[in-house]
Amino acid sequence: MRNLLEITDFTTQEIDTLIATAIDIIKEPKRYSEACKGKKLATLFYEPSTRTRLSFTAAMMELGGNVLGFSDAAASSVSKGEVVADTVRVVENFADIIAMRHNKEGAPWVASQFASIPIINAGDGGHCHPTQTLTDMLTIYRHKGRFSGLTIGFCGDLLYGRTVHSLAKAMGRYEGIKFVFISPKELKIPDYLRKEIEKHGYQYIETTNLEDAMPSLDILYMTRVQKERFDSEAEYNKLKDSFILDMHKLHNAQKDMIILHPLPRVNEIAYEVDADPRALYFEQVLNGKFIRMALIYTLLRWAEEHKESPKQPIVEVSPLKCKNARCISATEMVSSLCTTSENGDRHCFYCDTILK
Ligand code: CP
């Protein structure tokens, strides 16, 4: 069964094909208006969302399918203590595909171990957000016409900004990509991601200065400081306004640099920037619907080709413990906690935290 748990579940060729499908949908929406007729998408959202949940819903409706689910875990039996493993084994009786957002890192991986229908990760804690990455890539492609040879500046909360983690993994696979990671030192990219970038030999620098980095950038990817991931409000308040993009800071940017943001924005882009033709963050939202149409259509087609029987319950529970308190393994039963990378580091299978 093919899922989309993290962006590297898809090869670059498969991503290129998805983008081509999305562009075909944009050109000829009528051809796809009944492509998923009779199919149902379950949106299981344990954490708030505007764009992702509504764009999944709109995407399935425009493919002729139906949508069910919940947008608040408190309104489901999760509030009575039901675990992800049980919820997905219930929901697979009612739906053909699941899009799951969860505050616990790795929750969609647990879902995929129990469900016999495709699982799409719609954002898991501060870990990954692969469908936002596909959205970002469609936007980049529509404006730049390529992925290779671009310099991308990621600015803001690079520690908890899951969209950054997924986009860096995806874009790094294209030739000649350079990353400029711009953040306060407290919010630098997580160690596991830095190690992965170094393992693949991707070019990157880390800096705290946005204006110095600006002239080199083809893409500026702004992010919100993720208040909900901080243990202390005081620490959040100290860091929340680290970077505020305004017209003055754009004075030395390239004329065709594009400005992306996964949204929601809080304070990190001044409203005056919205009128600049380089600001594409609202166009990104629309691209999110088209790429999710392409994704649902593709995963359902693959699932038809390789139908699975209901999975056997996992009986072996991992004796290991992940040190990440935000990992799903801290609160729910999991197996196969540990995976070893080429350089010998042991990682948590669910959230990628390096286990010493
Ligand atoms: N970009 C994004 O994930 O937005 P939502 O949290 O509104 O879904």
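Up top you'll find the structure we're talking about.
Residues numbered from 1 in each chain as written. Predicted model: local features only at pLDDT ≥ 70, side-chain atom pairs only at ≥ 80, totals over all residues. Heavy atoms only, no water.

Caption draft 1: View of the packing of aromatic side chains. Counted by the stated rule, this structure contains 15 aromatic pairs. Ring geometry for Phe-10 versus Trp-302: centroids 5.5 Å apart, planes at 55 degrees, classification tilted. A residue pair is termed long-range when its members are at least 10 positions apart, and Phe-10 in the segment before α1 (12–27) and Trp-302 in helix α10 (residues 281–305) qualify at 292 residues. A relative accessible area of 18% means that Trp-302 is categorised as buried. Here the aromatic residues Phe-154, Phe-179, Phe-181, Tyr-202, Tyr-204 and Tyr-221 are joined through ring pairs into a cluster of three or more. Sitting over the ring of Phe-56, Arg-292 keeps its end group 5.1 Å from the ring centre. (Phe/Tyr/Trp six-rings, centres within 6.5 Å; stacked < 30°, edge-to-face > 60°. Helix = DSSP H or I, 4+ residues; strand = E, 2+ residues; numbered from the N terminus. Buried < 20%, exposed > 50% of the residue type's maximum accessible area, 1.4 Å probe, protein only. Lys NZ or Arg CZ within 6 Å of the ring centre and 35° of its normal.)

Caption draft 2: The arrangement of helix α6 (residues 162–171) in detail. The buried fraction of α6 amounts to 10 of the 10 residues, a majority that puts the element mostly inside the structure. Among the residues of α6, those classed as buried are Arg-162, Thr-163, Val-164, His-165, Ser-166, Leu-167, Ala-168, Lys-169, Ala-170 and Met-171.

Caption draft 3: Representation of the sheet that holds strand β6 (residues 178–182). Taken together, 5 strands build an open sheet; the order of strands is β7-β6-β5-β8-β9 and the sheet is parallel. Two strands in the sheet have a free side with no partner beyond their single neighbour: β7 (203–207) and β9 (258–260). Ignoring which end each strand starts from, the neighbouring axes of this sheet average 20 degrees apart. Looking at chain direction, strand β5 (residues 151–155) and β6 are connected through 5 bridges and run parallel. The residue bridging Ile-152 from the neighbouring strand is Phe-179, located in β6. (Pairing = 2+ DSSP bridges. Axes fitted to C-alpha atoms, helices over the stretch in contact; angles between N-to-C directions.)

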